[in-house]
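Summary of structural features
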Amino acid sequence: MMLRTVATAATAVSLALALSACSGTTKDSTDRGSAKTGTTAKADPDAPLRKDLKLAFLPKQINNPYEKIVDDAGIAAAREFGGTGKEVGPSDAGASSQVSYINTLIQQRQDAILVAANDPNAVCGPLKQAMRKNIKVVAYDSDTAKDCRQLFINQAGSEEIGRGLVRHLGEQIGYRGKIAILSATQNATNQNTWIGFMRDELKLPRYKDMKLVKVAYGDDADQKSFQQTQGLLQAYPDLKGIISPTTVGIAAAARYLSDSSYKGKVVLNGLGTPNQMRKYVKDGTVGQFSLWNPEDLGYLGAYAAAALASGRISGAEGETFEAGRLGAYTVGKDGEVVLGKPTVFDRGNIDTFDF
């Protein structure tokens, strides 16, 4: 499996690195600080990394292949530093479907909860309760509201992802024609942030002959995403391109296009994994797509949670922590930790990667 290659590929979109966090005392201490920090303790960068940490990964949905890769890598990372990890979560990506799992994890007194939020606000109540009990909360992949977690492990800079996908599609269709977006859920923080930057990018003069006609939602479900793709093309038979910034959506859309009369006529771009998309690139359905390494995302999340739970970082801007083989990361604004640079995959490089 290629790891750092994904974060440093020459074709990658340029991004900046930024991070931020907050910390606590012990689980038995009372809440003497804000709901977010649960403490006024200072960080000790020389504190030993605890060996008995319990980390729980809570993905958007338990059967999402992409998030399975992320979580398995985080669980493996926990074993590296002597901790334990597990994955729990709902089978659907509903806004409130994660709440009961958070409540259970609080009762189990996990040291850290790592959550890919289906909705930025629906999970806030129980996550704030967790932080008051000095359970660290790290969002990854899809953020919560900022005061509901201590860190957000962002896979790549949100603006560059959103704008970059529009740039790529624009180049492929000659900056002319109708386009659509096939997203995940309507409340997904990452999707909506990226789509916001897509809309901003489309306002630039170079896109004056491109028109966004529809944002469809497949709810990160394969069959619904397939049906939404079909619906888009029935409603807009002259559609020139689709952007799907979700690994489930882009694979489902590619499957539909590959067996339709629109193959080679409608350009599909977005975010996908090489193993999902390889056959569609090789049969000409898809020219290119992008992604970061999901293993690195889970790995970084585990080490960030461990640094918080061990008291090595407290959230002050400029703090640094070591993330195993990925090296040092720096705490910056709003609790955001940017993993690195996504890669653009195409026929020329896709066989170099296996994830």
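Details of the structure are given in the entry above.
Each value, and the rule that gives it
- Residues numbered from 1 in each chain as written.
- Predicted model: local features only at pLDDT ≥ 70, side-chain atom pairs only at ≥ 80, totals over all residues.
- Heavy atoms only, no water.
- Helix = DSSP H or I, 4+ residues; strand = E, 2+ residues; numbered from the N terminus.
- Buried < 20%, exposed > 50% of the residue type's maximum accessible area, 1.4 Å probe, protein only.
- Contact = heavy atoms within 4.5 Å.
- Areas by Shrake-Rupley, 256 points an atom, 1.4 Å probe, with all protein chains shown as cover.
- Polar contact = N/O pair within 3.5 Å; in protein donor to acceptor, adjacent residues only side chain to side chain.
- Core = buried A, V, L, I, M, F, W, Y, C linked by side-chain atoms within 4.5 Å.
- Disulfide = S-S within 2.5 Å.
- Pairing = 2+ DSSP bridges.
- Axes fitted to C-alpha atoms, helices over the stretch in contact; angles between N-to-C directions.
- Phe/Tyr/Trp six-rings, centres within 6.5 Å; stacked < 30°, edge-to-face > 60°.
- Lys NZ or Arg CZ within 6 Å of the ring centre and 35° of its normal.

This paragraph deals with the overall build of the protein chain. Scanning the protein chain for helices and strands turns up 10 helices and 14 strands. The proportion of buried residues among the 355 residues of the protein chain is 58%. Counted over contacts in the protein chain with a minimum sequence separation of 6, partners at least 24 positions apart contribute 74%. Counting only carbon and sulfur atoms, one obtains 48% of the accessible surface of the protein chain, whose full area is about 13500 Å².

Now for the environment of Gln155. With respect to the helices and strands, the residue Gln155 is situated in the loop between strand E5 (151-154) and helix H5 (158-172). Along the sequence, Gln155 and Pro342 sit 187 residues apart, while their C-alpha atoms lie 8.1 Å from each other. Apart from the residues within four sequence positions on either side, Gln155 is in contact with Tyr66, Asp141, Ile161, Asn190, Trp194, Trp292, Leu297, Leu339 and Gly340. Within the local environment of Gln155, its side chain forms a polar contact with the side chain of Asp141, the two groups lying 2.7 Å apart.

So, about the nonpolar core. Formed by 83 residues in total, the largest nonpolar core has its most connected members in Leu55, Phe81, Trp292 and Leu300. Here the element with the most residues in this core is helix H10 (residues 294-309); it accounts for 11 residues. Core analysis: the second largest hydrophobic core is formed by 17 residues, Ile113, Ala130, Met131 and Cys148 among them.

The next subject is the side chain of Ser158. In this structure, Ser158 sits in helix H5. A relative accessible area of 17% places Ser158 in the buried class. Only 3.3 Å separates the side chain of Ser158 from the side chain of Asn154, close enough to count as a polar contact. Filtering out sequence-adjacent residues up to four positions away, Ser158 remains in contact with Thr193, Trp194 and Phe197.

This paragraph deals with the state of the cysteines. For the coordinates displayed, the defined rule picks out one disulfide. Residue pairing for Cys124: its cysteine sulfur links by disulfide to Cys148, the two sulfurs lying 1.9 Å apart. The sign of the S-S torsion, about 100°, decides the handedness of the disulfide formed by Cys124 and Cys148: right-handed. You can see Cys124 sitting in helix H4 (residues 124-132) and its partner Cys148 sitting in the loop between strand E4 (136-140) and E5, a full 24 residues away along the chain. Here the two residues Cys124 and Cys148 agree in accessibility, since each one is buried.

Turning our eyes to something else, we now look at unusual backbone geometry. Despite not being glycine, Asp141 has its phi angle at roughly 70°, a positive value. Position of Asp141 among the secondary structure elements: in the loop between E4 and E5.

The sheet built from six strands is open, its strands ordered E2-E1-E3-E4-E5-E13 with parallel pairing. Both outer strands of the open sheet, strand E2 (84-87) and strand E13 (336-338), are each paired with one neighbouring strand and no more. Recorded for the sheet is a direction-independent mean angle of 20° between the axes of neighbouring strands. Taken together, the three bridges between E4 and E5 define a ladder with parallel strand orientation. Across the sheet, residue Tyr140 finds its bridge partner in E5, namely Ile153. Seen against the sheet, helix H3 (residues 99-107) touches strand E1 (54-58), E2 and strand E3 (112-115) and runs at an angle of roughly 175° to E1.

Right, let's talk about the packing of aromatic side chains for a bit. Applying the stated criterion across every chain yields a total of 10 aromatic pairs. Plain terms: the ring middles of Tyr175 and Tyr207 are 5.8 Å apart, the flat faces sit at 50° to each other, and that makes the pair tilted. Linking Tyr175 in the loop between H5 and strand E6 (177-183) with Tyr207 in the loop between helix H6 (189-202) and strand E7 (210-217), this pair joins segments that are 32 residues apart in sequence. Overall, the relative accessible area of 25% leaves Tyr175 in the partly exposed class. Taking 6.3 Å as the distance between ring centres and 70° as the angle between the ring planes, the aromatic pair formed by Phe345 and Phe355 counts as edge-to-face. Placement of the pair is Phe345 in strand E14 (residues 343-346) and Phe355 in the segment after E14, with a sequence separation of 10 residues. Phe355 carries the same exposure label as Phe345, and that label is buried. Among the aromatic residues, those joined into a cluster by ring pairs are Phe289, Phe345, Phe353 and Phe355. Sitting over the face of the ring of Tyr299, Arg325 holds its NZ or CZ atom 4.0 Å from the ring centroid.

Everything listed here is a matter of geometry and, on its own, says nothing about what the molecule does.
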